[in-house]
Protein chains: 2
Amino acid sequence: MFINGKFTMSEVNIKYLAEKLGLSPSTVSRALNDSYEISQPTKDRVNQLAKALNYQPNPFARSLREQKSKTIAVIIPERINNFFSQVIDGIEEITQQYGYHLLVYSTHENVETEKRIISYLLNGRVDAIVMSVSSQTKYIDHLQTVFNKGVPIIFFDRICQEIPTTKFITNDYENGYKATFHLIEKGCKKIYFLLLSKEISIGRERLRGYLDAMKASSLSFDESWVIQCAQKEEENIRLISGFLYGMDRPDGIVASVEKLAIATYYAARETKLQMPKDFRMISFSNMRIAGLLQPSLTTISQPALKIGMECAELLMKKLTKPNQPALEDRIIVLPSQIILRESTGK
Amino acid sequence: MFINGKFTMSEVNIKYLAEKLGLSPSTVSRALNDSYEISQPTKDRVNQLAKALNYQPNPFARSLREQKSKTIAVIIPERINNFFSQVIDGIEEITQQYGYHLLVYSTHENVETEKRIISYLLNGRVDAIVMSVSSQTKYIDHLQTVFNKGVPIIFFDRICQEIPTTKFITNDYENGYKATFHLIEKGCKKIYFLLLSKEISIGRERLRGYLDAMKASSLSFDESWVIQCAQKEEENIRLISGFLYGMDRPDGIVASVEKLAIATYYAARETKLQMPKDFRMISFSNMRIAGLLQPSLTTISQPALKIGMECAELLMKKLTKPNQPALEDRIIVLPSQIILRESTGK
DNA sequence: TTGTACGCGTTATCAT
DNA sequence: ATGATAACGCGTACAA
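Residues numbered from 1 in each chain as written. Chains lettered and ligands numbered in written order. Predicted model: local features only at pLDDT ≥ 70, side-chain atom pairs only at ≥ 80, totals over all residues. Heavy atoms only, no water.

Caption draft 1: Seen up close, the protein's contact with DNA strand D. Within the structure, DNA strand D sits among 27 residues, and Ile14(A), Tyr55(A), Arg65(A), Thr27(B) and Arg30(B) are positioned closest to it. Sugar and phosphate atoms represent 63% of those atoms of DNA strand D found within 4 Å of the protein. Measuring from a base nitrogen of DNA strand D, one finds a side-chain N or O atom of Ser26(B) at 3.2 Å. One of the side-chain nitrogen or oxygen atoms of Thr42(B) is found 2.9 Å away from a phosphate oxygen of DNA strand D. Among the secondary structure elements, those contributing two or more residues to the surface near DNA strand D are α2 (25-32) and α4 (59-66) of chain A together with α2 (25-32) and α4 (59-66) of chain B. For the surface near DNA strand D, the leading source of residues is α4(A), giving 4 residues. A per-class count over the surface near DNA strand D returns 8 nonpolar, 12 polar and 7 charged. (Near = heavy atom within 4 Å. Polar contact = N/O pair within 3.5 Å; in protein donor to acceptor, adjacent residues only side chain to side chain. Helix = DSSP H or I, 4+ residues; strand = E, 2+ residues; numbered from the N terminus. Nonpolar A, V, L, I, M, F, W, Y, C, P; charged D, E, K, R; others polar.)

Caption draft 2: Inspection of unusual backbone geometry at higher detail. The omega torsion across Met275(A) and Pro276(A) is -5°, close enough to zero to call that bond cis. Within the secondary structure layout, Pro276(A) lies in the loop between α11 (258-271) and β11 (280-284). The omega torsion across Gln294(A) and Pro295(A) is -10°, close enough to zero to call that bond cis. Its place among the elements puts Pro295(A) in the loop between β11 and β12 (298-301). A positive phi angle, near 60°, is found at Lys272(A), a position not held by glycine. Relative to the helices and strands, Lys272(A) is located in the loop between α11 and β11. Despite not being glycine, Asp34(B) shows a phi value in the positive range, around 55°. In this fold, Asp34(B) is placed in the loop between α2 and α3 (40-52).

Caption draft 3: Local environment of the interface of chain A and chain B. With 52 residues of chain A at the contact, the number on the chain B side is 52 residues. Taken together, both faces of the contact between chain A and chain B bury some 5700 Å²; the carbon and sulfur share is 56%. A per-residue breakdown of the area chain A buries against chain B is headed by Phe60(A), Ile80(A) and Leu292(A), which together make up 14% of the total. For Arg79(A), the salt bridge is made with Glu92(B), and the minimal N-O distance between the two is 3.0 Å. Between chain A and chain B we count 20 residue pairs in polar contact (both at pLDDT 80 or more) in total. The set of elements that each furnish at least two residues to the side of chain A that touches chain B consists of α4, α5 (82-95), β4 (101-106), α6 (111-120) and α11 of chain A. Partitioning the side of chain A that touches chain B into residue classes produces 22 nonpolar, 20 polar and 10 charged. (Contact = heavy atoms within 4.5 Å. Buried area = accessible area lost by both parts, 1.4 Å probe. Salt bridge = Lys/Arg side-chain N within 4 Å of Asp/Glu carboxyl O.)

Caption draft 4: Region of the structure containing the pairing of strand β5 (residues 128-131) of chain B. Here β5(B) shows a buried face lined by Ala128(B) and Val130(B) and a second buried face lined by Ile129(B) and Met131(B). In the classification by handedness, the crossover that spans β5(B), the intervening helix α7 (residues 141-148) of chain B and the parallel strand β6 (residues 153-156) of chain B is right-handed. (Buried < 20%, exposed > 50% of the residue type's maximum accessible area, 1.4 Å probe, protein only. Right-handed = clockwise from strand over helix to strand, strands pointing away.)

Caption draft 5: Structural detail: the domain arrangement of chain A. We note that the domain assignment places domain 1 (2-57), domain 2 (66-170 + 304-333) and domain 3 (172-301) within chain A. Between the C-alpha centres of domain 1 of chain A and domain 2 of chain A there is a distance of 35 Å. (Domains from an automatic or database assignment.)

Caption draft 6: How the structure looks around the packing of α4(A) against α4(B). One way to put it is that α4(A) packs onto α4(B) with a least axis distance of 8 Å and a crossing angle of 145°. Helix-helix and strand crossings are classified by hand; for α4(A) and α4(B) the assignment is left-handed. Contacts between α4(A) and α4(B) involve Phe60(A), Ala61(A), Ser63(A) and Leu64(A) from the former and Phe60(B), Ala61(B), Ser63(B) and Leu64(B) from the latter. (Axes fitted to C-alpha atoms, helices over the stretch in contact; angles between N-to-C directions. Left-handed = near helix turned anticlockwise from the far one by under 90°.)

Next up, the structure:
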């Protein structure tokens, strides 16, 4: 409805329906909610008119009344990333069936942004939070606050160990080990590990797998082979080109996240080195087109859609059934898959 | 606050602050909103306590009262797509500065899903909608309804011409022409055009550019060269492989969307054909790593981030300033960029 | 089976 | 400068 050009919300509401039907608002409300107290004929009349006028309950009135929003916040470190996109697809697939809505936020790997976003969510705006922390997240007061306020929170992939709630990850340690072992089997002697940040869980776990695999082998190892990378792509390309130019360059690289593998491709171009001839690389990645790169990239691919769906299913169970206990403090591990391609040699 | 294990929303609210301060709720409200009617000392007292107790206004009470949600819906056809991810990044960058939140929905290219999503949004849940329509969207009653209800709606990329509102696109016709002309210059004689759907605006516009370029040349042309593709990747690979196997295969391909270019890469593998030797391809695409493919892909790249930011800026202007007129019925064109790479020959 | 009254938390209007 | 009251739209305890 318009009043002097301005949209006003005087839509059909319960009061309006009640008037039209000669009933009281409460009767209409109960009829719409299929209450056992209301006679079938009345229900029919109400539902018919509601449908005819395309009545939609006001979500804010309802949220205010019920103290819940039917909305979930999803917080990710970056949007331009197949893994996170797939996870959100998985979450939406489930939550949508329950009539839940998704507020999606990107921290752009920035803790301050992460804190700001979370501060918006502590007022009941969302019924729960599903998140993967930023690579900068070291201090976790803001996450602790969420938990203390009783807002259900689930972590996935980049989890926060310290918060006693449910976390979904993949077998990162194991795959860090396997990835490294695969390179060793291929004959690599000097294997570097590219790390986004030591702060994040997946970085630490994958690194641990790498370190153990190196230890288990008879290969030499130097701490300087663990390369701490930056946020900016150009910086990383420079960094990686730097050590690829050297005479003592690595002949194997484990990239702990996709963007570092990509930076390595650019660095390889710059230094005119070829995979797998000059060095071999394996990367954690959910790129659909890893197989179309030059050379195609051997990847450890995470079950992203499944992670999203499992997060959401757990949450829906907790939120839609009465008297559910708090989310259990446990880590659920879903297996990743190694897909061999040209970058580690056929 | 917890009551028998259950989280209850009895957070600090205005009433609580008022009690603690020995003031009335209305005074507190006014003080928090920096009303001129309140004395400075009172304001200070109120703000101090509010800060100390970390008071956060209840968004639903406010929305109910103000008849606005400070929330924007973003509806896209698919999430696993760099273009749409970048657009959303752009939207968020602006809206976040104004304290707006983003509900993000994917239609998965399905009109029915699109209709369902929109029906959720007609009850005031969002103050505006920014969307790119699904490739199936032919009848537009649901979009018309949005407009009729007075909910501001902006289209980008895949627009709906018929709705009189502001639309943001790139110069699709021009680039369809240029892309085709580029192939012609490279000596292609038989150029196919891969189309996702004739229903969507970008498909039609890019096709029009292709057709005009073909017409302007002295090349022969057959209608069957415009290939209507499917949703499923495997189906498209089969379809494309099908005509690549033939003796009368094309020597040039214009892919109107990224996913069709990718299907073509797989089809090329299957048929053992090589670009640019056996055929050349150019594609509309925002893939960051188009340059790392084998061969690297010549692309027409859209200013996605900018599109998002411009959509959001227009919207914020309309929503945050009083008495703004309805969104103008006009199309704003931002230029795309052609990036030449190996797939069309150096 | 239906109606009345109230409160969720906020802000605006009207009083004082 | 501050307080009392009403209203946004909904659902429910209580009354009839």
